[in-house]
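Topology and contacts: notes
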Amino acid sequence: MLRKLGLQQSRHGDRELIDDLLKLLDINRVDYTRFFRALCNFDEGTAQSPLRDEFVDRSAFDGWATRYTERLRAEASPREQRQREMKQLNPKYILRNYLAQQAIEQAEKGDYSEIERLHKLLQHPFDEQPENEHYAAAPPEWSEELEISCSS
């Protein structure tokens, strides 16, 4: 988990930093994949991160971000290197249930094009693919109740 946060060396307080983040993500119902990918662009030199808008409790995120900023500064690794390494560990694209469901529904009608697009997309989940940006968007609200089994 340290490396997903851009940290190379374990230090005192890291466990609490990670645990507090995971609790914040859960309580605020923040999408893990989208959060960790956006965290790759975290700029410890700015007063507020755009990531705070993902949280209902923005002050709690601000507190965590302040601690994370201090931890990044203690690490003292170059920002560009950290961001590049984090992007190799935090995928931008994942197969979400609603994407699979849409592809299944099209395939049941004889159209396999969405399956082919997803297959191609997911061969490079860490790469920026501007033409496929919509696949990295927040899942639609209707997808929250969707359940897909392994047999789907």
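Attention now moves to the nonpolar core. If you look at the biggest cluster of nonpolar residues, it comprises 22 residues, and the most contacted ones within it are Leu5, Phe35, Leu39, Trp64 and Tyr68. Among the elements of the structure, helix H1 (14-27), helix H2 (32-39) and helix H3 (58-75) are those that each provide at least two residues to this core. With residues up to four places along the chain from it excluded, the contact list for Leu39 reads Leu5, Leu51, Trp64, Tyr68 and Met86. Tyr93, Tyr98, Ala103 and Ala136 belong to the second-largest nonpolar core, a separate cluster that totals 9 residues.

Taken N-terminus to C-terminus, the directions of H1 and H3 make an angle of 150 degrees; their axes are 11 Å apart at the nearest point. Taken together, the axes of H1 and H3 are roughly antiparallel relative to one another. Remark: the crossing between H1 and H3 carries left-handed chirality. Together, Asp14, Glu16, Leu17, Asp20, Leu21 and Leu24 of H1 and Ala60, Phe61, Trp64, Arg67, Tyr68 and Arg71 of H3 make up the contact between the two elements. A class-by-class count of the residues in the contact of H1 with H3 yields 7 nonpolar, no polar and 5 charged.

The rules behind each value
- Residues numbered from 1 in each chain as written.
- Predicted model: local features only at pLDDT ≥ 70, side-chain atom pairs only at ≥ 80, totals over all residues.
- Heavy atoms only, no water.
- Core = buried A, V, L, I, M, F, W, Y, C linked by side-chain atoms within 4.5 Å.
- Buried < 20%, exposed > 50% of the residue type's maximum accessible area, 1.4 Å probe, protein only.
- Helix = DSSP H or I, 4+ residues; strand = E, 2+ residues; numbered from the N terminus.
- Contact = heavy atoms within 4.5 Å.
- Axes fitted to C-alpha atoms, helices over the stretch in contact; angles between N-to-C directions.
- Parallel < 35°, antiparallel > 145°, perpendicular 65-115°, else oblique.
- Left-handed = near helix turned anticlockwise from the far one by under 90°.
- Nonpolar A, V, L, I, M, F, W, Y, C, P; charged D, E, K, R; others polar.

Any functional reading would require information beyond the geometric quantities listed.
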